[in-house]
Amino acid sequence: MRLYPAIDIKNGQCVRLRQGVFQDTTVYSEEPHCIARQFEADGAEYLHVVDLDGALRGMGVNEEAVAKILETVHIPVEIGGGIRTVRDMEHLFDIGITRVILGTRAVESAVFVKEALQRFGADRIVIGIDAKDGMAVVHGWETVSSIEAVKLAMQMKELGIKNIIYTDIAKDGMLAGPNLSQTQRMIAAVGSGIIASGGISSLEDLEALARIGSEGAVLGKALYEKKVDLKSAVARFHAA
């Protein structure tokens, strides 16, 4: 199971939210690239970056901070937040992003996802499904859509998407454990390629996700609050 240390960027700073509420923010660093460097030093094989301001505004906002991360580390970086057009994707690939995460745009248009897959290939596109009470949420977690998260995942898999990041918003930033039942339901519906996100607070949580077949796990607040030691987690799960 691959671990994805997360760097969420708001106003150029590395932050964490609680349950996706933008007003409930904790700043962990003024320099996200320094966090990225430490994650790489601790053995991370991939970084998960989110432009929170971009997710709200529907366009990239924190490009300076993202560019500095890319200049600092040598491991692959995926990014989500505000990616709405093919041109957005091309630009991110040009500056060194390995793969992009489509969220709102995927909910709005399966045609766009299909076009993106044809243009860039399934290895460069991840679908981010953020859910509240089982329904997909869009526009920076501000709007609940009319489509069930599991149904959206099935649609994306049918289009040819390989990897889906599933986040339970109620769990995100709460350090109360992931939503194992919903994650397992997602895995049962679509098979491989589900990356779990939200609520992970311990190695035991990671063990539980591995047992139900998660391809990976996004680690955020658990790292910043020292609940999980990244070096130990990488040694345990990447070796497995």
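Everything below is about the structure shown above.
Residues numbered from 1 in each chain as written. Predicted model: local features only at pLDDT ≥ 70, side-chain atom pairs only at ≥ 80, totals over all residues. Heavy atoms only, no water.

## Here's the deal with the overall build of the chain
To keep it simple, the criterion reads: Numbering of helices and strands runs from the N terminus, with a helix taken as a DSSP run of H or I at least four residues long and a strand as a DSSP run of E at least two residues long. Every radius of gyration here is taken over C-alpha atoms, with the globule rule written as 2.2 Å times N^0.38, N being the number of residues. In this scheme, a residue with accessible area under 20% of its type's maximum is buried, one over 50% is exposed, and one in between is partly exposed, where area comes from a 1.4 Å probe on protein chains only. In what follows, a contact means two residues having at least one pair of non-hydrogen atoms within 4.5 Å. Accessible surface is estimated by sampling points in the Shrake-Rupley manner with a 1.4 Å probe; for residues, cover comes only from the protein chains shown. Positive charges come from Lys and Arg alone, negative charges from Asp and Glu alone, with His and the N- and C-terminal ends not counted. Think of each charge as sitting on NZ of Lys, CZ of Arg, CG of Asp or CD of Glu.
A tally of helices and strands in the chain yields 11 helices and 12 strands. A globule of 240 residues ought to have a C-alpha radius of gyration of about 18 Å, and the chain, at 16 Å, matches this closely. Projected onto its principal axes, the C-alpha coordinates of the chain cover approximately 40 × 40 × 35 Å. When the 240 residues of the chain are sorted by exposure, 56% land in the buried category. Across the chain, the fraction of contacts at a sequence separation of at least 24, relative to all contacts at a separation of at least 6, is 67%. Total accessible area on the chain stands at roughly 10300 Å², and carbon and sulfur atoms take up 46% of it. Looking at the chain, you have 26 positive and 32 negative side-chain charges, and the mean spots of the two groups are 3 Å apart.

## Concerning the pairing of strand 4 (residues 47-51)
Heads up, the condition is: Two strands pair under a simple rule: DSSP has to find at least two bridges between them.
Taken across its 5 residues, strand 4 has 5 buried, putting it largely inside the fold. Judged by which residues are buried, strand 4 turns out to be covered on both faces: Leu47, Val49 and Asp51 on one side and His48 and Val50 on the other are all buried. For strand 1 (residues 2-10) and strand 4, the ladder comprises 4 bridges, and the chain directions are parallel. Directly across from isoleucine 9, in strand 4, lies its bridge partner aspartate 51. Pairing analysis gives 4 bridges linking strand 4 to strand 5 (residues 77-80), with the strands arranged parallel. Of the residues in strand 5, the one forming a bridge with valine 50 is glycine 80.

## Observations concerning the pattern of salt bridges
The criterion, for reference: Definition used for salt bridges: Asp or Glu carboxyl oxygen within 4 Å of a side-chain nitrogen of Lys or Arg.
Enumeration over the complete set of coordinates arrives at 7 salt bridges. Between aspartate 8 and arginine 16 there is a salt bridge, and its shortest N-O distance comes to 3.1 Å. Across the pair, exposure class does not vary: aspartate 8 and arginine 16 are buried alike. In this structure, aspartate 123 engages lysine 162 in a salt bridge whose closest nitrogen and oxygen atoms are separated by 2.8 Å.

## Some points on helix 11 (residues 230-237)
Stated precisely, the cut-off is as follows: Throughout, the arc means the angular range of directions from the helix axis out to the C-beta atoms.
Along helix 11, the positions that sit buried rather than exposed are Leu230, Ala233, Val234 and Phe237. Seen end-on, helix 11 carries its buried residues on one side only, within an arc spanning 100 degrees. In helix 11, the exposed positions angled more than 90 degrees off the buried face are occupied by Lys231 and Ala235. In this structure, the buried residues of helix 11 make contact with strand 1, helix 1 (32-41), helix 9 (203-211), strand 12 (216-219) and helix 10 (221-224).

## Topic: the environment of phenylalanine 22
Along the chain, the position of phenylalanine 22 falls in strand 3 (residues 21-29). Between the C-alpha atom of phenylalanine 22 and that of leucine 56, which follows or precedes it by 34 residues, the distance is 9.5 Å.

## Points about the nonpolar core
We apply this condition: We call a set of buried residues a nonpolar core when its members are Ala, Val, Leu, Ile, Met, Phe, Trp, Tyr or Cys and they connect through side-chain atoms within 4.5 Å of each other.
The biggest cluster of nonpolar side chains holds 67 residues, and the ones touching the most others in it are Ile7, Met89 and Leu206. Beyond its immediate sequence surroundings of up to four residues, leucine 206 is in contact with Met1, Leu3, Ile200, Ala217, Leu219, Val228, Ala233 and Phe237. Counting residues in each nonpolar core, the second largest holds 8 residues, with Tyr4, Ala6, Val126 and Ile165 among its members.

## Quick notes on unusual backbone geometry
Peptide bonds are trans in most cases, and residues, glycine excluded, mostly fall at negative phi. Within the chain, asparagine 11 stands out as a residue other than glycine whose phi angle is a positive 55 degrees. One can find asparagine 11 in the loop between strand 1 and strand 2 (13-18). When its relative accessible area of 58% is taken as the criterion, asparagine 11 is described as exposed. Non-glycine residue aspartate 133 carries a positive phi angle of around 55 degrees. Secondary-structure assignment places aspartate 133 in the loop between strand 7 (125-132) and strand 8 (135-138).

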